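Reading the structure
Below are the chains, spelled out letter by letter.
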Amino acid sequence: MLDDISKIKEEFKKQGVTIILVHMVEEEEAEEFLSNYGIDDLPRISNPEMDLYETWGLEKGTVSQLFGMKVWWRGLTAGMVKGHGIGWLKGNGFQMPGVFLLEDEKIIDQFIHKSAADRPDYWDLNCC
């Protein structure tokens, strides 16, 4: 996901879309990790309490959502073939992700992951 965001951030910025990252780790750790993808300049919210995830209806993943064959395949592809590596788990590894498009403080579009391996099409959201 972070690699995908690094590839779209400039075009989104040109279109007036602000990407804000929400994560579960302390800010210093996030900055170091995000710099690997060239996105440490994006606004972000450290939310180790995970209340934003709950507020936006993001649930904890099931065994198949987190450890199914699709997830293993995506992990091997991203980690070994594409060179993103395999790192230590940070935050709550059971928390499912999501992508939300807000306008005037209202959610106007969203992508709720059905599997940890899902990759949203950011261009398909109602912003671009």
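Use the structure listed above.
**Some details on the overall build of the chain**
- Counting its regular elements, the chain contains five helices and four strands.
- Looking at the chain as a whole, 31% of its 128 residues qualify as buried.
- Sequence-distant contacts, at least 24 apart, represent 59% of the contacts inside the chain between residues at least 6 apart.
- A total accessible area of about 8800 Å² is found for the chain, and carbon and sulfur atoms account for 55% of it.

**Notes on the side chain of Asp118**
- Relative to the helices and strands, Asp118 is located in the segment after β4 (106-112).
- Of note is the side chain of Asp118, whose polar atom sits 2.7 Å from the backbone nitrogen of Lys114.
- Within the structure, Asp118 has its side chain in polar contact with the backbone nitrogen of Ser115 (distance 3.1 Å).
- Beyond its immediate stretch of four places on either side in the chain, Asp118 contacts Lys70, Phe111 and His113.

**Some remarks on helix α1 (residues 2-14)**
- The terminal C-alpha atoms of α1 lie 19 Å apart, and with 13 residues this matches the ideal 18 Å at 1.5 Å per residue to within 8%.
- Those residues of α1 that sit buried are Asp4, Ile5, Ile8, Lys9 and Phe12.
- The elements touched by buried residues of α1 are β1 (21-23).

What counts and how
- Residues numbered from 1 in each chain as written.
- Predicted model: local features only at pLDDT ≥ 70, side-chain atom pairs only at ≥ 80, totals over all residues.
- Heavy atoms only, no water.
- Helix = DSSP H or I, 4+ residues; strand = E, 2+ residues; numbered from the N terminus.
- Buried < 20%, exposed > 50% of the residue type's maximum accessible area, 1.4 Å probe, protein only.
- Contact = heavy atoms within 4.5 Å.
- Areas by Shrake-Rupley, 256 points an atom, 1.4 Å probe, with all protein chains shown as cover.
- Polar contact = N/O pair within 3.5 Å; in protein donor to acceptor, adjacent residues only side chain to side chain.
- Expected span 1.5 Å × (residues − 1).

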